[in-house]
Amino acid sequence: MTETKSSIRIVVVGALGRMGQEVIKAVVKEPELTLVGAVDRSHEGVEVGSVIGIEDTGVTFSTELGETLVSSQADVIIDFTNPSVVVENVYKAIEYGVRPVVGTTGIPQKDLHAWDQLLREKEIGGIVAPNFAIGAILMMKFAAQAARYMPQVEIIEMHHDQKLDAPSGTAVKTAEMIAKERERLRQGHPSEEEKWAGARGADYEGMRIHSVRLPGYVAHQEVIFGGVGQTLSIRHDSIHRESFMPGVTLAAKKVMELTGLVYGLENVID
Ligand code: NAD
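Everything numeric in this text was worked out from a predicted model, so none of it was measured.

Caption draft 1: Focus on the overall build of the protein. Per the secondary structure count, the protein includes 9 helices and 12 strands. Against the 2.2 N^0.38 benchmark of 18 Å for 270 residues, the protein shows a C-alpha radius of gyration of 20 Å, consistent with a compact globule. Looking at the protein as a whole, 51% of its 270 residues qualify as buried. Residue pairs in contact within the protein that sit at least 24 positions apart in sequence constitute 70% of those at least 6 positions apart.

Written as structure tokens, this is what we have:
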């Protein structure tokens, strides 16, 4: 653990996961950040670097978040776990005065509101971003822009087959951003009928969202707009989880300057 005087003390939660391991590699490379804790459900006491195949980090895995937050004097947790545990983790972090940076998707709206309030009471910040890849942020922004001119739109998101939530957090965020730019619109033929349930996808304010789950994919999304005699496709592909890391490390630094919750990396970059 090499630490500079001003460095930000990071605990990674979900540290053994696909994203968690990438986050650890990114944090140890970043001079302004110091890895001080790694929490997951196993490997208690085992040195982190030896498990994920990097140099000795001086940090061992822990299975108890509260204890780790106290003993490590953490400034920030970076959570990439799953929708059923992230909520409790973030309440705990806030209780201990530790700022949450959350990549886990599928978080209920009511918890986002509650976190914002609690963070304001504690006068600390938090960031929740359904997608930390800059290209995906641009895709969402361009899609919102295009919806003003081409309001008929469908979203197809494609992810690896171990993903737990559908539609993806990115698709949800994209739909929310598009909905702000157009009136609610019923798309397709008024008498269309689903012969097989789900054939037309999920419905958000008249927009259809389709979720594909297959091995081989990482995280991909195509937003297709249709107009008279033309279509427009805006597509983003994360072909490696490294694509998320500049956004994650940026958020870990920016969160130190915030009060309350910011939802969406675009609100940190602008
Ligand atoms: P994963 O299943 O590989 O990893 C999740 C890890 O969390 C596992 O190691 C698991 O053991 C651990 N975990 C489960 N319960 C825990 C607990 N109580 N305490 C500590 N650790 C616990 O999943 P993944 O592919 O790494 O994805 C994690 C999350 O990140 C998902 O919600 C996914 O949708 C999201 N994601 C977000 C972005 C983004 O840019 N925001 C990008 C990719 C994935």
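Back to the text.
Caption draft 2: Here's a closer look at the packing of aromatic side chains. According to the stated counting rule, one finds 2 aromatic pairs in the structure shown. Arranged with centres 6.0 Å apart and planes meeting at 55 degrees, the rings of F80 and F132 form a pair that is tilted. Within this pair, whereas F80 is found in the loop between β4 (76-79) and α4 (86-95), its partner F132 is found in the loop between β6 (125-128) and α6 (134-147), the two being separated by 52 residues in sequence. F132 shares its class with F80; the two are buried.

Caption draft 3: Representation of α6. Counted at 1.5 Å a residue, the expected span for α6 with its 14 residues is 20 Å, and the 20 Å between its end C-alpha atoms agrees. Turning to α6, its buried residues number three or more, namely A136, I137, M139, M140, A143, A144, A146 and A147. Where α6 is buried, its residues meet α7 (169-179), β10 (219-227), β11 (230-238) and α9 (266-269).

Caption draft 4: Representation of the pattern of salt bridges. Counting across every chain of the model gives 16 salt bridges. Here R235 and E222 are joined by a salt bridge, their closest N and O atoms 3.2 Å apart. With R235 in strand β11 and E222 in strand β10, this residue pair connects regions lying 13 residues apart in the sequence. Taking the relative accessible area as the measure of exposure, R235 reaches 41% and is therefore partly exposed. Shared partners join several salt bridges into a network, and the residues in it are E30, E32 and K253.

Caption draft 5: Local environment of the domain arrangement of the protein. What the domain assignment lists for the protein is domain 1 (8-128 + 242-267) and domain 2 (134-239). Computed over C-alpha atoms only, the centres of domain 1 and domain 2 are separated by 29 Å. Of the residues lining the interface, 12 residues belong to domain 1; the matching set on domain 2 comes to 13 residues. The interface formed by domain 1 and domain 2 holds 1 salt bridge in total. A salt bridge links E266 to K173, with the shortest nitrogen-to-oxygen separation between them at 3.0 Å. Split into classes, the residues belonging to the side of domain 1 that touches domain 2 amount to 4 nonpolar, 6 polar and 2 charged.

Caption draft 6: Expanded view of the sheet that holds strand β3 (residues 61-62). Across the sheet, which stays open at both edges, the 7 strands sit in the order β3-β2-β1-β4-β5-β6-β12 with parallel pairing between neighbours. Two strands in the sheet have a free side with no partner beyond their single neighbour: β3 and β12 (260-263). In terms of strand pairing, β4 meets strand β5 (residues 99-102) through 4 bridges, oriented parallel. Pairing of I77 across the sheet is with P100, part of β5.

Caption draft 7: Fine view of unusual backbone geometry. Of the consecutive residues A166 and P167, the connecting peptide bond is found in the cis state with omega at -5 degrees. In this structure, P167 sits in the loop between β7 (153-159) and α7. The phi angle at H43 is positive, at roughly 65 degrees, despite the residue not being glycine. Here H43 is to be found in the loop between β2 (33-39) and α2 (48-52). Residue classification places H43 among the partly exposed residues on the basis of a relative accessible area of 36%. Positive phi values are uncommon outside glycine, yet E123 reaches one of about 55 degrees. By the secondary structure assignment, E123 is in the loop between α5 (109-122) and β6.

Caption draft 8: Structural detail: the sheet that holds β11. Here we have 5 strands laid out as an open sheet, ordered β8-β9-β7-β10-β11, and mixed in their pairing. The open sheet has two edge strands, β8 (202-204) and β11, and neither has a second partner. Neighbour to neighbour, the strand axes of the sheet diverge by 20 degrees on average, direction disregarded. For β8 and strand β9 (residues 207-213), the ladder comprises 3 bridges, and the chain directions are antiparallel. Residue pairing in the sheet places Y204 in a bridge with M207 of β9. Each of β10 and β11 touches α6; the most contacted strand, β11, lies at about 165 degrees to it.

Cut-offs applied
- Residues numbered from 1 in each chain as written.
- Predicted model: local features only at pLDDT ≥ 70, side-chain atom pairs only at ≥ 80, totals over all residues.
- Heavy atoms only, no water.
- Helix = DSSP H or I, 4+ residues; strand = E, 2+ residues; numbered from the N terminus.
- Rg over C-alpha atoms; globule rule 2.2 N^0.38 Å.
- Buried < 20%, exposed > 50% of the residue type's maximum accessible area, 1.4 Å probe, protein only.
- Contact = heavy atoms within 4.5 Å.
- Phe/Tyr/Trp six-rings, centres within 6.5 Å; stacked < 30°, edge-to-face > 60°.
- Expected span 1.5 Å × (residues − 1).
- Salt bridge = Lys/Arg side-chain N within 4 Å of Asp/Glu carboxyl O.
- Domains from an automatic or database assignment.
- Nonpolar A, V, L, I, M, F, W, Y, C, P; charged D, E, K, R; others polar.
- Pairing = 2+ DSSP bridges.
- Axes fitted to C-alpha atoms, helices over the stretch in contact; angles between N-to-C directions.

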